[in-house]
Amino acid sequence: MDGLRRQIMRCNKVRLAVFSFATALATVTVRTPALAEQGGLPDRQQVFSIPPGDLRTALSQFSRMTGIQVIVSPDSVAGRHTNGVTGTYRAREALMLMLGGTQLTPSINGGIVALRTGPDVLPARDTDRHAALDRPNGITANAGENIVVSGYRASLRAAQDYKRNAVGMEDDILAQDIASFPDLNLAESLQRIPGITINRDSGEGRQITLRGLGPDFTRTQLNGMEVLSNTASGMDNRGGVSRTRAFDFSLFASELFNRVSVQKSYAADQDEGGIAGTVQLYTAKPFDYPGSKFVVSAQGQNNTNTSGVTPRVVAMASDRWGDFGALASIAYSEIHSNEYGYRNWGWNKVQYKPGNIGPDISPETAALLEGGTIYAPQAESPSTWWTDRKRLGATAALQYHHDRFKADIDLLYGRLSDHRDDYAIAAAGSNALTGTPIGGTQVIQSATIVGNTLEAANYTGVDQRSEHHIIDNHTDFYQAVGNFSWQATNHLKFTALGGYEESDFRQPVFDKVFMEAKNHAFGFNNLSVEPYNIYGFDLKNPDAWQLQRLDTQENSITSRYANGKLNGIYKLDQHSSFEVGGEYKDFTNGGYQYNNKVFHNIPTDTIIPDNLKETIRRSSQIDYIVGKVNGVFDYIGDPRNLNAKYLMAGTDYQVEEKTWATYAQYDLDTEVFGMRLRANAGVRYYNTDLISTGHVVTTTNGVSQLTPIVATVSRHSVLPAANMALSVTRSLLFRASVNQNVNRPALADLAAAGTLTTRPNGGTVTFGNPYLKPYKATSVEGGFEYYMQNKGFASFSFFYKDMQSFTTTQNVQIPYSQTGLPMSLLVQGEDANTIFDVSKPVNGPGADIKGVEIAFQHDFDFLPGFLRHFGINMNGTWFDGHQVAIINGVNHRIPLLNLSKWAANATLYYDTDKWGARISTAYRSRYLTSTGSNGNVGDGIRATNNVDAQAHYNVTPHVRAVISAINITNQPIEQFADLTANRTEAYTTNGRNFTFGVTADF
């Protein structure tokens, strides 16, 4: 009780700190006008197109374009260079960007600018957080004193400017141009940011974890509008078809984007949700460029686990005519990948009948095997997942920027399609090593038990099962969004957003042929780094294999999202403003799965001609016989085009959320005791109505059946937030934030339904819970950033999040009869006594997470000769957070899912105006992907370290040759079961990816 009382008091103190900090910022009244604002400059915005080069010439162009007189001594500008400025800015903002790194400081009085030698200039003032229409996404990198930087180094410097200008904690990645993003995949690029780690699938980054919180806790926005997607993994161990809130970064071609911003702090004018933070994606726009622009890129790709070269092409055309601009781009890529290695279906407690224990097993070992306390791997399986992935993306952007009115219209279409050719061989035939008890013809002849784990064993009488699996699926994504800005008066400005998007996942082909080879010797060994099996017969002998089963499946998932926002910002004076706004969101996710499993082994396996059998056609641990999918289905005649009568129970649920929100926020930009203070404080209110439809189990006269249900729940809350950035000196910046935010539960967790997955001698049942509370977190964070005259920076930050509500999972192993589900859902080999793993999400007691992030980036231009072209960009993180998992009625304190306690990134780069190269490494310690199953406490992935490299050569100022190498060390992905026992569940490799090609811009 005392512990609970202390926890409540701690939570109340944190909440009080949030409100106190917000109140303090909102009531700041003593401020000193900044020197640079005396007299002021015109506040209107205009288009600048000043190229890099001599500073004297650039200042003359600035004066002609703005009509502002600039006074500077000739000696002060002699020999100095600037990277210029391109885009739409206020005069002050453009001037600050031009002067970055020149050691010149402006003094403004009566509309006249006087330049003097001094420390590096401060970031341009910007109290308007709704200036998306006013800020170009392209690069306006600052220059060193005597070097005009470009390429990767310029991207880092421009990203540093965005970071420094932000009020809250933010990190950015920029590309100089479309088709120039620093990595082949957006997720791969994001892992370079402090606090971000990624998970991989099919040879590329897929989803991100931000500050130790998994993909469902990160909100992703595209051109200002939240974005979700539905895709699939070919590997059962990674969840198969995804139906989550998490964004899959493999959906879009990275070439379509030229800026990604990661906002780690929350402010009241941001959408609620995303406790971890928000990732903003920006596509290219015509006003990012000073005039017409045309880009074309062609590259070839190869994966060492496959053969051949596949294309990667992109083209963009952009132009502007006065106040109007238009841009169109298209990107297409195809890549082959082959992930193969070892996996099993998990680790279960098994019990052997006395007749299934061989005479050479010692009495002590036999007693353990009969006792049912030993964990054994299920269906040890060398497996192969071959994928032909095609990715198509297209964007269109229209911009109209007049003096007081601005409109941006963005259209995006993306299509990700996969053709998968998968193979596996497993001890999962009629007399299998799956489930419990073991009581067929299987006899264990030797056993190696470590602790309570059966790590190696040899058998006789085991039936092997091979699988050949063909999948075709695709995701189509559509988005149309408009951003509008109207400067009604010199003090009043309105912004608005309206948009609609849709993500459609379809998997019309999911056909699988199971062949069986009966009564053979078999052994497995999990004591080596990569587990392996031993077989007592020729796996490539077609006479040993006959048809056991045919499976067909179809999947459909559709997400629709409509969004509207309207905000008003009133400028109280030159140092502060007040804003209010409202928003409406309507999100719907629905889908279904059709499933047909037909057994062809009653009373014995069905004999098929040898010409319908083949040795697997992809790289694998071993070779073996499988059935030809098309030929076998045609020969047998089972249906492949399914309809509603094949509906898999519990998969046809729908979740709809309708949200109204409003906020008020005060923004401040002033000086306190000679230090520049930028801050905001506000409060947000939201109300969400959830409608979850599906089926639940009801029992009438002792007969269980699925009955339709509609569950309606309403949630609302008030969320305060405050952020500040204090320039302690011109180089040292201190940030602090306090806020409350929410995260809605996962879509599958909110389903008013239960789903059943069957397998030989067992399976899983997963129930949803539409009455789950949202996650709610109180966050406190702070940090220091030191900027080194635009040559680099060092930063240190810390955060703490106290989550008063946190969804956890109840997991239990029970006989099927106790699940309450109808017996009609079972398949051959299962009955009321078959043990199933049953899980259900419940409102947990809460959780917390804390962490530290450090980062350092610096150009080595202080070194002599060619060494000055080197630089380094590195960061490291430490996170610690825990939750409660309920397994078989026992509470277990485990790390938060997807949290790697340690992570580090480092990039060493070399960059000149002619060529450049970089090599990067990304490390993350082990992390959990689920709370556990079958009695295992926690399932996850072991530590990984990925190494990538890229080099480019500028053939001409407009033509660049590029070569990239991804996953140079062929880092394996190792999945494990149970935090303590650390049982190997999968060990696979993806191969190395190489890309080479040419990019041209005009």
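Residues numbered from 1 in each chain as written. Predicted model: local features only at pLDDT ≥ 70, side-chain atom pairs only at ≥ 80, totals over all residues. Heavy atoms only, no water.

Novice: Help me understand the overall build of the protein in this model?
Specialist: The helix and strand inventory of the protein stands at eight helices and 50 strands. Classification of the 1002 residues of the protein by burial places 62% in the buried group. Restricting the contact set of the protein to residue pairs at least 6 apart, pairs at least 24 apart contribute 74%. (Helix = DSSP H or I, 4+ residues; strand = E, 2+ residues; numbered from the N terminus. Buried < 20%, exposed > 50% of the residue type's maximum accessible area, 1.4 Å probe, protein only. Contact = heavy atoms within 4.5 Å.)

Novice: Looking at this model, I keep getting lost on the pattern of salt bridges. Mind explaining?
Specialist: Side chains bearing opposite charge may pair, as long as their charged atoms lie close to each other. Inspection of the entire model under this criterion finds 47 salt bridges. Across the pair Lys565 and Asp271 runs a salt bridge, and its minimum N-O distance is 3.3 Å. On the criterion of sequence distance, the pair formed by Lys565 in strand β26 (residues 546-573) and Asp271 in the loop between β13 (257-263) and β14 (277-283) is long-range, its members being 294 residues apart. You can call Lys565 buried: its relative accessible area is 18%. Several salt bridges share partner residues, and in doing so they unite Lys163, Asp171, Arg211, Lys264, Arg735, Glu781, Glu785 and Glu853 into one network. (Salt bridge = Lys/Arg side-chain N within 4 Å of Asp/Glu carboxyl O.)

Novice: Mind showing me how you'd approach helix α2 (residues 55-66) here?
Specialist: Because each turn of an α-helix spans 3.6 residues, side chains separated by three or four positions in sequence point in the same direction. Taking 1.5 Å per residue as the helical rise, α2 with its 12 residues ought to reach 16 Å, and the 16 Å between its terminal C-alpha atoms agrees with that figure. Of all the positions in α2, only Leu55, Ala58, Leu59, Gln61, Phe62 and Thr66 are classed as buried. Along α2, the residues classed as buried sweep out an arc of 160° about the axis, all on the same side. Immediately beyond the C-terminal end of α2, within one or two residues, lies Gly67, with a positive phi of roughly 75°. (Expected span 1.5 Å × (residues − 1). Arc of directions from axis to C-beta.)

Novice: When you look at the environment of Ala496 in this model, what are you seeing that I'm missing?
Specialist: Tracing the backbone shows Ala496 in strand β24 (residues 492-525). Put simply, Ala496 and Ala407 are 89 residues apart on the chain and 9.5 Å apart in space, counted from C-alpha to C-alpha. Beyond its immediate stretch of four places on either side in the chain, Ala496 contacts Gly482, Asn483, Phe484, Lys565 and Leu566.

Novice: Could you clarify how one ought to interpret empty space enclosed by the protein in this entry?
Specialist: In this approach the atoms are scanned with a rolling probe the size of a water molecule, which exposes any empty space left behind. By the definition in use, this model includes 19 cavities of 30 Å³ or more. What the second largest cavity holds in volume is close to 420 Å³. Tyr152, Leu156, Ile173, Arg192 and Asn873 are, among the 30 residues lining the second largest cavity, the residues nearest its centre. Elements represented by at least two residues in the lining of the second largest cavity include exactly α5 (151-165), β8 (170-174), β39 (847-859), β40 (870-887), β43 (915-924), β46 (944-956) and β47 (959-966). (1 Å grid on protein atoms, 1.4 Å probe; cavity = no way out; pocket = protein on both sides within 12 Å on 5 of 7 lines; lining within 4 Å. Points joined across faces, edges and corners; volume = space filled by probe spheres on them.)

Novice: Just checking my understanding: could you explain the nonpolar core for this structure?
Specialist: Grouped burial of nonpolar side chains is what soluble globular proteins tend to show. Membership of the largest hydrophobic core comes to 41 residues, with the highest contact counts inside it found for Leu190, Phe249 and Leu281. When residues of this core are assigned to domains, at least three map to each of domain 2 (152-287) and domain 3 (301-1001). Setting aside its immediate chain neighbours within four residues, Phe249 contacts Asn185, Leu186, Ala187, Leu190, Arg206, Gln207, Ile208, Thr220, Val279 and Leu281. One finds Ala517, Leu547, Ile616 and Ile625 within the second-largest nonpolar core, a separate group that totals 39 residues. (Core = buried A, V, L, I, M, F, W, Y, C linked by side-chain atoms within 4.5 Å. Domains from an automatic or database assignment.)

Novice: Would you explain the confidence of the model for the protein in this entry?
Specialist: Should the pLDDT be low somewhere, the predicted coordinates at that spot are not to be read in detail. Confidence in the prediction of the protein, expressed as mean pLDDT, is 86, and 88% of residues score 70 or more. Low pLDDT, under 50, characterises residues 1-11; the predicted model gives this stretch five contacts beyond four residues in sequence or across chains. Counting contacts from residues 13-39, a segment whose pLDDT is below 50, to residues more than four positions away or on other chains yields 61 contacts. (pLDDT = per-residue confidence, 0-100.)

Novice: Would you explain unusual backbone geometry in this entry?
Specialist: Both trends apply: most residues other than glycine have a negative phi, and most peptide bonds are in trans. Residue Pro437 is bonded to the preceding Thr436 through a cis peptide linkage, with omega at 0°. Secondary-structure assignment places Pro437 in the loop between β21 (405-426) and β22 (443-450). With an omega dihedral of 0°, the bond running from Ile602 to Pro603 counts as a cis peptide bond. Mapped onto the elements, Pro603 comes out in the loop between β27 (576-599) and β28 (613-615). Phi at Asn223 takes a positive value of approximately 55°, unusual for a residue other than glycine. Along the chain, Asn223 falls in the loop between β11 (218-222) and β12 (225-226). Non-glycine residue Phe673 carries a positive phi angle of around 55°. Tracing the backbone through its elements, the reader meets Phe673 in the loop between β30 (654-672) and β31 (675-700).

Novice: For this particular structure, what's the right way to read the sheet that holds β13?
Specialist: Hydrogen bonding along the main chain pairs the strands of a sheet, whether they run parallel or antiparallel. In spatial order, the strands read β8-β13-β14-β11-β12; together these five strands make up an open sheet with mixed pairing. Both outer strands of the open sheet, β8 and β12, are each paired with one neighbouring strand and no more. Across two bridges, β11 lies against β12 in antiparallel orientation. If you follow Leu222 over to β12, its bridge partner there is Met225. (Pairing = 2+ DSSP bridges.)

Novice: What should I look at first to understand the packing of aromatic side chains in this one?
Specialist: The geometry of an aromatic ring pair is captured by the separation of the ring centres together with the interplanar angle, meaning the angle of the planes. Scanning all chains against the criterion turns up 26 aromatic pairs. Measuring from centroid to centroid gives 6.3 Å for Tyr459 and Phe524, while their planes differ by 25°, and the two rings are stacked. A residue pair is termed long-range when its members are at least 10 positions apart, and Tyr459 in strand β23 (residues 453-487) and Phe524 in strand β24 qualify at 65 residues. With respect to class, Tyr459 is no different from Phe524; both count as buried. The interplanar angle of 45° and the centroid separation of 6.4 Å between the aromatic rings of Phe796 and Phe798 together place this pair among those described as tilted. Residue Phe798 is classed as partly exposed on the basis of its relative accessible area of 36%. Members of the aromatic cluster, connected to one another through ring pairs, are Phe247, Phe249, Phe252, Phe257 and Phe477. (Phe/Tyr/Trp six-rings, centres within 6.5 Å; stacked < 30°, edge-to-face > 60°.)

Novice: What am I meant to see in a nonpolar patch on the surface here?
Specialist: Together, Trp321, Phe324, Leu398, Tyr400, Phe405, Ile409, Leu411, Phe484 and Trp486 make up an exposed nonpolar region whose accessible area comes to about 820 Å². Listed by contribution, the elements that provide at least two residues to the nonpolar patch are β20 (381-401), β21 and β23. Broken down by element, the nonpolar patch gets its largest block of residues, three residues, from β21. Looking at where Leu411 falls in the secondary structure, it is placed in strand β21. (Patch = residues over 30% accessible without salt bridge, like charges linked within 9 Å, V, L, I, M, F, W, Y side chains within 5 Å. Areas by Shrake-Rupley, 256 points an atom, 1.4 Å probe, with all protein chains shown as cover.)

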